[in-house]
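# Coordinates in review
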Amino acid sequence: MIEKVDVCVIGAGHAGCEAGLACARMGMKTIIFTVNVDSIALMPCNPNIGGTSKGHLVREVDALGGEMGKNIDKTFIQSKMLNISKGPAVHSLRAQADKADYSRTMRTVLENQDNLIIKQAEVVALIVEDNPEAPESYKKIVGLKTHTGITYECKAIILCSGTYLNARCLCGETITYTGPNGLKAAEHLSDSLKSLGIRLRRFKTGTPARVDKRSLNFSKMTEQFGDEKIVPFSFSTKAEDVQKEQISCFLTYTNAKTHEIIKKNLDRSPLYAGIIEGVGTRYCPSIEDKVVKFADKERHQVFLEPEGCYTNEMYVSGMSSSLPEDVQIAMYQSVPGMEACRIVRNAYAIEYDCIDPSQLYHTLRFKNIEGLYSAGQLNGSSGYEEAAAQGIIAGINAALYIKEEEEMIIDRSEAYIGVLIDDLVTKETSEPYRMMTSRAEYRLLLRQDNADLRIREKGYRAGLISDYQHDQLVMKRLSIESEIARLKHTKLGASGYVQEFLTEHNSSLLKTASSLAELLCRPEMTYFILGPLDQERPSLSDDITQQVEIEIKYEGYIERQKRQVKQFQKLEKRMIPVDIDYDDVPSIRIEARQKLKVYRPVSLGQASRISGVSPADISVLLVYISQKNLPQNM
Amino acid sequence: MMKRETIVAPATALSESGIGIIRLSGDDAVPITGKCFSKIKDMKTHTIRYGFIMDGEEAIDEVMVSLMKSPNSYTREDVVEINCHGSIMIMNRIMNLMIKNGARLAEPGEFTKKAFLNGRIDLAEAEAVMDIIRSKSEFALRTSLNQLTGKVSDVIRLLREDIIYQVAYIESALDDPEHRSLEGYQDILQEKVTDILRRMNLLIKTSENGKILKEGIYTVIVGKPNVGKSSLLNLLVGDDRAIVTDIAGTTRDILEESVKVNGVMLNIIDTAGIRATEDTIEKIGVEKAMKYALQADLIVYVIDSSVELDENDRKIRELINGRKAIVLLNKADLDTKVDEDDIQMFLESGDKNYPHVDNSVDRPAIIRTSAKENSGFDQFSQTIWDMFIDDGINREDIFITNLRHQEALRNAYDSMLLVNQSLEAKMPEDFYTIDMMSAYEYLGMITGDQIGEDLINEIFSKFCTGK
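Residues numbered from 1 in each chain as written. Chains lettered and ligands numbered in written order. Predicted model: local features only at pLDDT ≥ 70, side-chain atom pairs only at ≥ 80, totals over all residues. Heavy atoms only, no water.

### Focus: the overall build of chain A
When you go through chain A residue by residue, the secondary structure sums to 19 helices and 25 strands. Principal-axis analysis of the C-alpha atoms gives chain A an extent of 85 × 80 × 50 Å. Relative to its full complement of 634 residues, chain A shows a buried share of 59%. Sequence separation of 24 or more characterises 73% of the internal contacts of chain A that already satisfy a separation of 6 or more. Looking at charge distribution, chain A has the averaged site of its 79 positive side-chain charges lying 3 Å from that of its 84 negative ones. (Helix = DSSP H or I, 4+ residues; strand = E, 2+ residues; numbered from the N terminus. Buried < 20%, exposed > 50% of the residue type's maximum accessible area, 1.4 Å probe, protein only. Contact = heavy atoms within 4.5 Å. Lys, Arg positive; Asp, Glu negative; His and termini not counted. Charge placed at Lys NZ, Arg CZ, Asp CG, Glu CD.)

Given below as structure tokens:
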């Protein structure tokens with residue numbers, strides 16, 4: 001039996017949901033496959049969305065017209081803006097989710113989306129045909145086959161299979177061949193990918209235990225509250241709709257005894273015993289790793305986070321592990337407040353196949369296979385937000401490909417999404433890739449508060465943002481600009497009232513007339529504080545005055561960062577001819593030549609970020625390309 | 001892999017001279033030369049052979065041919081150098097022969113460009129090659145050589161490493177606040193930034209001093225007639241260029257000489273003696289002397305210690321007031337009528353600003369010399385060094401003399417100043433990295449670690465052919 005659709009999405013996790021929704025919303029007949037319909041938008045690890053730099057990704061996904069931000073706004077149980085003592089570039093929103101609610105709510109969205117079909121089935125093979133235009137090197141997606149023998153004809157496939165490919169879970173000596181949470185692993189797709197010439201790798205990640213709330217003694221821990229004034233993730237969610245009662249988390253610490261137990265049992269850890277072959281992430285380390293790597297640290301933070309409103313399970317954040325169950329019990333019970341804790345679900349490590357993302361373009365399409373896209377953990381990333389970000393980009397580009405429209409690429413100077421994808425497809429990642437603030441060069445421009453101003457326009461062009469939403473964006477931009485102009489042009493004289501006001505706020509007195517913008521630049525001043533001095537102030541929403549304040553206060557820094565972006569774009573715009581033969585370029589060192597052949601960078605900028613390609617190699621390329629473009633007169 | 005083209009160019013000036021050298025570089029340098037100099041086929045690398053360049057049956061010239069095989073050559077390619085007779089006609093014939101045999105006429109700087117592209121030298125080193133070719137003074141040559149041997153790059157890279165270390169620290173703390181704290185970090189960073197600024201400032205100073213050292217100090221010698229100005233100049237120059245007689249007013253015109261004193265170049269203008277004169281020719285000389293003195297970097301005021309100070313000295317005193325000057329008390333071998341104290345008092349009494357509050361201009365150094373006995377000149381040269389070369393800079397130091405490098409260095413310095421401002425304004429840590437990265441990138445432009453678009457072509461286009 002054969003069914004015909006436009007796009008097949010394999011996997012209904014955070015990448016798959018965004019990819020499927022984007023395609024369906026762009027008018028594609030889309031089918032989304034999952035090994036279990038009950039596991040749509042499952043959060044198999046931490047019960048939160050957002051966090052440092054990940055909060056930025058959620059905002060950007062939302063700006064493009066994605067679902068993650070809206071979904072967490074509907075299902076969060078606690079919300080917090082992190083790093084508020086630091087600069088606006090590193091402010092990051094994080095919300096605790098009710099896991100079951102999150103999953104169920106997302107499923108409802110999918111189920112009610114036009115053009116979208118949900119199908120529980122395991123995909124076992126992709127079907128391709130040779131591209132008649134380049135039969136030797138290119139293939140083209142035409143369909144796929146499920147384990148029950150059904151064939152689906154399609155024009156594009158988006159792989160969002162997460163950690164399910166040939167997955168196995170490890171808890172000490174006990175190995176089970178399943179995906180996360182005991183769900184069925186995908187056993188055949190890896191072989192199908194390999195037969196298409198796709199290079200696979202093996203990565204590892206882990207999750208801590210879930211413990212019974214009733215077995216914990218919170219009086220020995222510090223209660224962690226949410227923010228008093230809750231900021232929503234989505235630009236479409238009204239702030240007043242998310243103010244609600246929140247559920248607390250609790251902070252406690254490991255101690256010498258915990259570390260002792262871990263050290264004594266390291267030989268029973270599959271990671272240290274050499275059973276785990278996959279490479280884990282440095283930035284989300286297991287407690288074993290932390291104890292070994294930060295040997296001088298006397299204690300590590302442990303957060304106990306509720307998994308939802310209607311469960312007693314609590315997530316032991318900071319203590320993921322693959323040690324055997326008996327060691328886990330001893331280890332968790334050594335932590336203050338957890339002396340009598342009962343484990344509901346054991347901590348475990350999971351190993352899985354993923355692809356080498358250097359095989360992808362920035363559109364997340366495979367370089368050698370037309371119509372085949374890949375997103376999420378399968379690309380070697382980690383985290384729900386990273387997955388969602390890739391999902392929406394792969395979805396948009398698959399739809400644009402079918403529509404034969406210009407593909408969408410976001411660069412490093414536009415969004416964290418751009419940084420994430422560029423890093424994945426350009427830099428050699430030998431471990432699961434986690435988004436971090438330090439990875440973004442132009443942080444001050446890529447703030448979580450201005451994600452809509454940065455990239456919503458792109459979502460509009462793709463057709464994921466409505467005209468109404470777009471009009472609002474245009475209005476917002478105008479309001480910000482005119483308010484900045486007003487503050488710059490409104491001058492205050494050194495009148496008695498003004499001086500008195502300044503004294504009151506520990507600010508130095510005016511010597512000459514000064515604009516409101518100049519006053520706002522003073523570190524002790526805010527837009528709000530200046531209110532009484534500002535007679536003509538229009539009534540503006542918080543998100544607008546926030547932009548005004550940041551743009552004025554940090555103008556010098558923003559300008560300098562913009563200059564850096566200009567510099568960066570020069571090399572990005574130097575395109576490398578697609579048909580370049582690196583063997584024909586003299587004098588590139590061997591390592592660089594090999595890397596360039598594998599990565600086939602689109603621009604000199606991208607080439608310069610490939611590890612093993614030195615500035616000297618780039619200079620050679622620069623000269624070579626310039627000469628190629630010149631008439632051969634030498 | 002693509003064959004690297006073989007290029008040819010005269011490596012010495014195309015003019016009548018004893019020897020002319022024609023240089024070839026590329027994968028076919030040996031076979032191309034072999035078509036007219038068959039012996040090259042059995043030459044070992046880094047050897048030289050005698051023979052004839054043949055155009056078919058006709059011998060064009062009697063030559064010495066040396067061969068440097070890849071990768072141990074200037075360009076890392078096979079390099080052949082033909083030492084022929086320095087005749088324009090012969091050199092042109094040999095060049096044409098090589099081009100006929102498959103070589104291509106090199107563009108300006110192409111040999112060095114190949115050395116750069118083949119990874120033998122970095123950008124700063126490549127620029128040094130150009131500076132060496134153009135260097136006029138021994139100092140300029142030495143700074144270029146320092147640059148060529150990578151010393152400048154080393155110093156710059158060290159600065160970059162220090163900057164990136166701090167950036168990395170801040171970033172890692174932002175990513176992992178649990179394990180890396182920024183508490184108290186502002187003080188540490190302030191210390192580092194101050195140190196980096198100090199080191200950059202020193203390099204910038206060397207670039208200013210480097211200019212003086214490279215181009216020389218414009219020096220005017222003034223003094224009453226017949227106090228020994230010309231003898232002094234002769235002593236420095238080492239020949240009797242200025243006419244020395246005992247008749248006052250012998251030097252009627254302005255003489256200019258470049259003299260190296262202790263490694264520093266002095267561009268000396270000897271002037272007619274300053275005195276009230278009726279002689280028209282001499283008068284012009286005196287006026288000129290006054291004019292030159294006003295524009296000079298340094299005024300050397302020569303006084304005859306065997307003659308009393310008079311009205312003319314007072315005129316000169318006005319001229320040197322507030323300027324960088326050295327007073328030479330000459331003819332120290334004769335009876336002394338004027339000594340250091342007299343001059344000190346004489347200078348101070350003429351100084352309207354006396355007593356000094358402003359120390360920005362040093363009082364002139366007074367040095368006792370004798371042109372006849374050749375004494376006092378060590379002190380003279382040391383004084384010049386002290387006056388013009390900033391404290392803390394040694395002759396052996398790295399000097400940044402290349403204009404492009406100076407600009408990049410200044411930009412980097414300005415960026416670090418902004419970091420300093422952010423520190424003073426107590427901005428959150430994540431703001432510091434913006435300007436630190438700018439500084440890092442500017443410094444990288446010096447060494448070529450940061451790729452500036454079109455920079456490479458621009459640099460190499462300034463070269464002369466054959467290098």
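### Quick word on the confidence of the model for chain A
Of all residues in chain A, 96% have pLDDT values of 70 or greater, and the mean over the chain is 92. Low confidence marks residues 630-634 of chain A, where pLDDT is under 50. Its contacts with residues over four positions away, or in another chain, come to 5 contacts. (pLDDT = per-residue confidence, 0-100.)

### Overview of the environment of B:H405
Residue and element names in this part refer to chain B. Inspection of the secondary structure assignment puts H405 in helix α13 (residues 403-424). The exposure class assigned to H405 is buried, which follows from its relative accessible area of 1%. Taking the C-alpha atoms as reference, H405 lies 9.7 Å from E127; in sequence the two are 278 residues apart.

### Here's the deal with the domain arrangement of chain A
Often, the extent of an interface is quoted as the loss of accessible area upon association of its parts. Looking at chain A, the domain boundaries give domain 1 (2-206 + 352-462), domain 2 (210-349), domain 3 (478-556) and domain 4 (573-627). Of note, the centres of domain 3 of chain A and domain 4 of chain A, computed from C-alpha atoms alone, are 50 Å apart. (Domains from an automatic or database assignment.)

### Topic: the packing of helix α3 (residues 68-75) of chain A against helix α4 (residues 99-111) of chain A
Residues and elements named next belong to chain A. Where α3 contacts α4, the two axes come as close as 9 Å, and the packing angle between them is 130 degrees. Relative to α4, the element α3 lies oblique. Seen along the crossing, α3 lies across α4 with a hand that is right-handed. Counted together, M68, N71, I72, K74 and T75 of α3 and D101, Y102, T105, M106 and V109 of α4 form the full contact between these two elements. In terms of residue class, the contact of α3 with α4 is built from 5 nonpolar, 3 polar and 2 charged. (Axes fitted to C-alpha atoms, helices over the stretch in contact; angles between N-to-C directions. Parallel < 35°, antiparallel > 145°, perpendicular 65-115°, else oblique. Left-handed = near helix turned anticlockwise from the far one by under 90°. Nonpolar A, V, L, I, M, F, W, Y, C, P; charged D, E, K, R; others polar.)

### Structural notes on helix α6 (residues 151-175) of chain B
Helix length check: α6(B) (25 residues) gives 36 Å between terminal C-alpha atoms against 36 Å at 1.5 Å per residue, within 8%. All buried positions along α6(B) are accounted for by B:V152, B:S153, B:I156, B:L159, B:R160, B:I163, B:Q166, B:V167, B:I170, B:E171, B:A173 and B:L174. (Expected span 1.5 Å × (residues − 1).)

### Quick word on the environment of B:I82
Residue and element names in this part refer to chain B. You can see I82 is positioned in strand β5 (residues 79-86). For I82, a relative accessible area of 0% corresponds to the buried category. With 45 residues separating them in the primary sequence, I82 and F37 have C-alpha atoms 9.9 Å apart. Among all residues touching I82, those that are not within four sequence positions of it are G20, I21, I22, L24, T33, I53, V63, M64, V65, I94 and M98.

### Let's talk about the sheet that holds strand β6 (residues 104-105) of chain B
All names here are of chain B. Taken together, the 6 strands give an open sheet; going across it, the order is β3-β4-β5-β2-β1-β6, and neighbouring strands pair in mixed fashion. Each edge of the sheet is formed by a strand with only one pairing partner; in this case those strands are β3 (47-55) and β6. As defined by bridge partners, strand β1 (residues 7-10) adjoins strand β2 (residues 17-25) across 4 bridges and the pair is classed as antiparallel. Looking at the pairing, I7 lines up with S25 of β2. In the packing of helix α2 (residues 88-100) onto the sheet, the strands contacted are β1, β2, β3, β4 (58-68), β5 and β6, and the crossing angle to β5 comes to about 150 degrees. (Pairing = 2+ DSSP bridges.)

### Observations regarding the packing of aromatic side chains
Counted according to the given criterion, the structure contains 8 aromatic pairs over all chains. Taking 6.1 Å as the distance between ring centres and 70 degrees as the angle between the ring planes, the aromatic pair formed by B:Y50 and B:F52 counts as edge-to-face. On the basis of relative accessible area, B:Y50 is assigned to the partly exposed category, the value being 42%. Measuring from ring centre to ring centre gives 5.1 Å for B:Y169 and B:Y185, while their planes differ by 20 degrees; the resulting arrangement is stacked. Note that B:Y169 is positioned in helix α6 and B:Y185 in helix α7 (residues 185-215), a separation of 16 residues in sequence. These aromatic residues form a ring-pair network of at least three members: A:Y554, A:Y557 and B:F431. The residue whose ring lies beneath A:R439 is A:Y433, and the NZ or CZ to ring-centre distance is 4.0 Å. A cation sits over an aromatic face here: B:R23 above B:Y74, 5.2 Å from the ring centre. (Phe/Tyr/Trp six-rings, centres within 6.5 Å; stacked < 30°, edge-to-face > 60°. Lys NZ or Arg CZ within 6 Å of the ring centre and 35° of its normal.)

### Focus: the state of the cysteines
Residues and elements named next belong to chain B. Under the definition given, this model contains 0 disulfides over all chains. Not part of a disulfide, C84 finds its nearest cysteine sulfur in C36, a span of 11 Å. Of the residues examined, C84 reaches a relative accessible area of 3% and is grouped as buried. (Disulfide = S-S within 2.5 Å.)

### A word on the sheet that holds strand β20 (residues 343-345) of chain A
What holds strands together in a sheet is hydrogen bonding between their backbones, with the strands either parallel or antiparallel. Residue and element names in this part refer to chain A. Ordered in space as β16-β17-β18-β19-β15-β20, the 6 strands form an open sheet in which the pairing is antiparallel. The sheet is open, and its two borders are formed by β16 (222-224) and β20, each paired with just one other strand. For this sheet, the mean angle separating the axes of adjacent strands, direction not counted, is 35 degrees. Of the strand pairs in this sheet, strand β18 (residues 301-306) and strand β19 (residues 313-317) are connected by 4 bridges, and their pairing is antiparallel. Counterpart to F303 in the pairing with β19 is S317.

### Things to note about the interface of chain A and chain B
With 39 residues of chain A in contact, the opposing surface of chain B contributes 39 residues. Between chain A and chain B lies a buried interface of about 3500 Å² when both sides are counted; carbon and sulfur atoms form 59% of it. Between chain A and chain B we count 2 salt bridges in total. Put simply, B:E171 and A:R443 hold a salt bridge, and the shortest N to O gap is 2.7 Å. Across the chain A-chain B interface, the total number found is 7 residue pairs in polar contact (both at pLDDT 80 or more). Tallying contributions element by element places helix α19 (residues 615-629) of chain A first for the side of chain A that touches chain B, with 8 residues. Taken together, the residues that form the side of chain A that touches chain B break down as 16 nonpolar, 13 polar and 10 charged. (Buried area = accessible area lost by both parts, 1.4 Å probe. Salt bridge = Lys/Arg side-chain N within 4 Å of Asp/Glu carboxyl O. Polar contact = N/O pair within 3.5 Å; in protein donor to acceptor, adjacent residues only side chain to side chain.)

### Examining unusual backbone geometry
A cis amide bond links B:S70 with the next residue in sequence, B:P71, at an omega value of 5 degrees. Note on placement: B:P71 falls in the loop between β4 and β5. Even without being a glycine, A:L364 presents a positive backbone phi close to 75 degrees. Positionally, A:L364 belongs in the loop between β21 (348-355) and β22 (369-370).

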